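For reference, the chains in residue letters:
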Amino acid sequence: MDYPLPNKSTDLTGQVALVTGASSGLGLRFAKVLASQGAKVAIAARRLDRLEALAKEIKDAGGEALPVEMDATDADQMIAAVKKAEDALGTVTILVNNAGIPDAQRAHKMDIDLIDRVLDINVRAPWVLSCEVARRLMAADKPGRIVNIASAAAFHYAGNGAALYSVSKAAVVRITETLSVEWSRNHINVNAIAPGAFESEMMDGMLERMGDIAQHFPRKRIGNPAQLDSALLFLVGPSSDAVTGTCIKVDDGQGSR
């Protein structure tokens, strides 16, 4: 099902957002939603052609978007991406750490390169980007919002071959909690969203391997990225001014608690 973009319910005029992993899936939706509310959006990922297409779509709808080619395993590129966004659009006041990869293997069968890649993209990248954005916010004496994309897998693992992914997303939740405490004095709110099974390229790969897992869910469906709009807009908008260090689970009741 295609969902329209939300009405302008959260005024983000004057805000500058950086969304990682924006070339597809959840990140693509996040970028379009933030732009629809008036934010100037820097969209970062490895696939520049996809970013340019998304930027054109946002601009055609009246928004402002800047494609930024970035490899989430390269710290220099991540720091440069924040600088590029700031130079072109202004100080980044909203960061959405969405880039992530699965492991999709039994723990004892994973090679070292894959272990490093999962931890680099899922744990190291949001830490590096959060610190770089926070450093610049502090220097500019501005408040900010950081939203980390965790996963329902951070809280539940059934032993089916994604142990390191579960560990990495649990780390994202803990990053959220610790940095929220450290930066509360600077008025930088750090929160997380933990989606369940939602439509994405990662989910497409899982469905190919495992079949229609939705049939095991009470509502027999995979989530649509648009169903995360309200959580995202709450966490970047004024109504969550006192909310920091929180992880919002959005899993459609798919699993146990």
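The structure under discussion appears in the preceding block.
Below is a short write-up of the structure. Throughout this description, residue numbers start from 1 for each chain and increase along the sequence as written. Confidence filtering applies because this is a predicted model: local features only for residues at pLDDT of at least 70, side-chain atom pairs given and counted only at 80 or more, and all residues used for totals across whole chains, interfaces and linings. Hydrogens and water are ignored here; the side-chain numbers use all heavy atoms of the structure.

A few words now on the pairing of strand E5 (residues 144–149). A regular strand carries its side chains on alternate faces of the sheet. Whether a residue is buried, partly exposed or exposed follows from its accessible area with a 1.4 Å probe, protein chains only, as a fraction of its type maximum: under 20%, in between, or over 50%, in that order. Numbering of helices and strands starts at the N terminus; helices are DSSP runs of H or I of at least 4 residues and strands are runs of E of at least 2. With six of its six residues buried, E5 lies for the most part within the structure. Burial along E5 is two-sided: the face carrying Gly144, Ile146 and Asn148 and the face carrying Arg145, Val147 and Ile149 are both buried. In the sheet, strand E4 (residues 94–97) pairs with E5 via four bridges, with the strands oriented parallel. From the neighbouring strand, Leu95 faces E5, where its bridge partner is Ile146. Note on handedness: a crossover is taken as right-handed if, strands pointing away from the viewer, the path from the first strand over the helix to the second is clockwise. Following the backbone out of E4, through helix H4 (residues 112–140) and into the adjacent parallel E5, one traces a crossover that is right-handed. Looking at chain direction, E5 and strand E6 (residues 188–195) are connected through six bridges and run parallel. Note on E6: the bridge partner recorded for Gly144 is Ile188. Should DSSP find at least two bridges between two strands, the strands are regarded as paired.

Attention now goes to empty space enclosed by the protein. Within this scheme a cavity is a closed region of a 1 Å grid, computed over the protein atoms alone, that accommodates a 1.4 Å probe without allowing it to escape, whereas a pocket is open but has protein on both sides within 12 Å along at least five of seven lines; lining residues each have an atom within 4 Å of a point. Grid points are joined across faces, edges and corners, and a volume is the space filled by probe spheres set on the points. According to the stated counting rule, one finds one cavity of 30 Å³ or more in the structure shown. Empty space within the largest cavity amounts to approximately 80 Å³. Lining the largest cavity are 14 residues, with Asn97, Asn98, Ala99, Ile121 and Pro126 sitting closest to its centre. Residue assignment for the lining of the largest cavity shows that the elements contributing at least two residues are H4, E5 and helix H5 (163–183).

This paragraph deals with the layout of surface pockets. A volume near 280 Å³ is recorded for the second largest pocket. Looking at the second largest pocket, it is lined by 16 residues, and the ones nearest its centre are Pro143, Gly144, Arg145, Val236 and Asp241. Gly is placed with the polar residues, together with every amino acid not listed as nonpolar (Ala, Val, Leu, Ile, Met, Phe, Trp, Tyr, Cys and Pro) or charged (Asp, Glu, Lys and Arg). For the lining of the second largest pocket, a count of residues per class yields five nonpolar, eight polar and three charged.

Attention now goes to the packing of H4 against H5. Axes, fitted as lines to C-alpha atoms, cover a helix only where it is in contact. Angles between the N-to-C directions of the axes lie from 0 to 180 degrees. Contact geometry of H4 with H5 gives a least axis separation of 9 Å together with a crossing angle of 15°. Taken together, the axes of H4 and H5 are roughly parallel relative to one another. As H4 runs across H5, the sense of the crossing is right-handed. Contacts between H4 and H5 pair Ile115, Val118, Leu119, Asn122, Val123, Trp127, Ser130, Cys131, Ala134 and Met138 from the former with Leu164, Tyr165, Ser168, Lys169, Ala171, Val172, Ile175, Leu179 and Trp183 from the latter. Considering only residue class, the contact of H4 with H5 consists of 15 nonpolar, three polar and one charged. Relative orientations are named as follows: roughly parallel for angles under 35 degrees, roughly antiparallel for angles over 145 degrees, roughly perpendicular for angles from 65 to 115 degrees, and oblique for any other angle. In this scheme the handedness of a crossing depends on how the near helix is turned from the far one: anticlockwise by less than a right angle means left-handed, clockwise means right-handed. Two residues qualify as a contact provided that any one of their heavy atoms is within 4.5 Å of a heavy atom in the partner residue.

Taken by themselves, the reported measurements are silent on function.
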